[in-house]
Amino acid sequence: MKALAGLRRINLDGLRWRVFDAKGQVLGRLSSQIATVLQGKDKPTYAPNRDDGDMCIILNAKDISVTGRKMTHKFYRWHTGYVGNLKERSLKDQMEKDPTEVIRKAVIRMLPRNKLRDDRDRKLRIFSGSEHPFHDRLLEPFVMPPRNVREMRPRARRALVRAQKKLEQGNTMVNTQRKKEGADASSGEVKSTEVTA
């Protein structure tokens, strides 16, 4: 029932139901796409003062991934209001407690801080597994855009190229030395056979 809460307050006429599969997706990249759809920026009718965004259903929130050491080094902090009560929780602990809240906070913090923010938050439905109660709706799976991965930073790439060239030069020098030694040895054998003959 919690997943259906607040649907009556949303004008669902003409809205699409977009389904995002978070399995194996990077948290920030997925959240930015969801924020774009929630604001309606992917539509030609977008206006910053209107809430034209679509309904977003996110599945498999527990299988989201993050890059680097964020799982242990990223912290969520809040204050209780009492003196000295600044609380914090790591991303790893938050994933164990409630993985849906991780995606919700990432998306909500990417939205503009204005009066439309609460309405856009109501259009966001996040589930930790693959089960959801919206099977009676016409759902459209969202295809994530291809990720342009820069394999290596330029400085590291140049260092790798230099090391490869150095290795190739070393190999060519060793090969030429071996050829010279082989040529010297074969000429020595020819000379020794001439002397004996």
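Residues numbered from 1 in each chain as written. Predicted model: local features only at pLDDT ≥ 70, side-chain atom pairs only at ≥ 80, totals over all residues. Heavy atoms only, no water.

Enquirer: What's the story with the overall build of the protein chain in this structure? I'm lost.
Expert: When its secondary structure is counted, the protein chain shows 6 helices and 6 strands. Starting at the N terminus and walking to the C terminus, you meet the elements of the protein chain as β-α-β-α-β-β-α-α-α-β-β-α. Counting all 197 residues of the protein chain, 29% fall into the buried class. Put simply, 69% of the contacts in the protein chain that link residues at least 6 apart link residues at least 24 apart. About 14100 Å² of surface is accessible on the protein chain, with carbon and sulfur atoms providing 52% of the total. (Helix = DSSP H or I, 4+ residues; strand = E, 2+ residues; numbered from the N terminus. Buried < 20%, exposed > 50% of the residue type's maximum accessible area, 1.4 Å probe, protein only. Contact = heavy atoms within 4.5 Å. Areas by Shrake-Rupley, 256 points an atom, 1.4 Å probe, with all protein chains shown as cover.)

Enquirer: Just checking my understanding: could you explain helix α4 (residues 99-108) for this structure?
Expert: For an α-helix, the turn length of 3.6 residues means that residues three or four places apart are oriented alike. Judged by how many residues are buried, α4 sits mostly within the fold: 7 of 10 residues are covered. Taken together, the buried positions of α4 are occupied by P99, T100, V102, I103, A106, V107 and I108. Its buried side turned inward, α4 meets α1 (27-39), β2 (55-59), β3 (75-79), α3 (91-97), α5 (117-122) and β5 (124-126).

Enquirer: What am I meant to see in the nonpolar core here?
Expert: Across soluble globular proteins, you tend to see nonpolar side chains buried next to one another. Core analysis: the biggest nonpolar cluster contains 24 residues, and F20, I34, C56, I58, I103 and L124 have the highest contact counts within it. Residue assignment for this core shows that the elements contributing at least two residues are α1, β2, α3, α4 and β5. Judged by nonpolar contacts, the second largest core, of 11 residues, contains L7, L15, L59 and F127. (Core = buried A, V, L, I, M, F, W, Y, C linked by side-chain atoms within 4.5 Å.)

Enquirer: Explanation requested: a positive patch on the surface in the structure shown.
Expert: A grouping of K70, K74, R109 and R113 is seen on the molecular surface, where their side chains present a positively charged patch. Secondary-structure assignment places K74 in the loop between α2 (70-73) and β3. Here K74 falls in the partly exposed class, since its relative accessible area comes to 31%. (Patch = residues over 30% accessible without salt bridge, like charges linked within 9 Å, V, L, I, M, F, W, Y side chains within 5 Å. Salt bridge = Lys/Arg side-chain N within 4 Å of Asp/Glu carboxyl O. Lys, Arg positive; Asp, Glu negative; His and termini not counted. Charge placed at Lys NZ, Arg CZ, Asp CG, Glu CD.)

Enquirer: Is there a simple way to think about the environment of D52 in this case?
Expert: The topology assignment puts D52 in the loop between α1 and β2. By relative accessible area, which is 18% here, D52 ends up buried. Spatially, the C-alpha atoms of D52 and V37 are 9.1 Å apart, while their sequence positions differ by 15 residues. Beyond its immediate stretch of four places on either side in the chain, D52 contacts L15, Q39, G40, K43, T45 and K123. A distance of 3.0 Å separates polar atoms of two side chains, one belonging to D52 and the other to R50. (Polar contact = N/O pair within 3.5 Å; in protein donor to acceptor, adjacent residues only side chain to side chain.)

Enquirer: Got a minute to help me understand the packing of α1 against α4 in this structure?
Expert: The description of two helices packed together rests on the angle between their axes and the distance between the axes. Running from N to C, α1 and α4 cross one another at 60°; their axes reach a closest spacing of 8 Å. With respect to α4, the axis of α1 lies oblique. Here α1 and α4 pass one another in a crossing that is right-handed. Where α1 abuts α4, its residues L27, S31, I34, A35 and L38 lie against V102, I103, A106 and V107. Considering only residue class, the contact of α1 with α4 consists of 8 nonpolar, 1 polar and no charged. (Axes fitted to C-alpha atoms, helices over the stretch in contact; angles between N-to-C directions. Parallel < 35°, antiparallel > 145°, perpendicular 65-115°, else oblique. Left-handed = near helix turned anticlockwise from the far one by under 90°. Nonpolar A, V, L, I, M, F, W, Y, C, P; charged D, E, K, R; others polar.)

Enquirer: Could you clarify how one ought to interpret α1 in this entry?
Expert: The terminal C-alpha atoms of α1, which comprises 13 residues, lie 18 Å apart, in line with the 18 Å expected from a rise of 1.5 Å per residue. Buried residues along α1 sit in contact with β1 (17-21), β2, α4, α5 and β5. Positive phi appears at G40, one or two residues downstream of α1, with a value of about 80°. (Expected span 1.5 Å × (residues − 1).)

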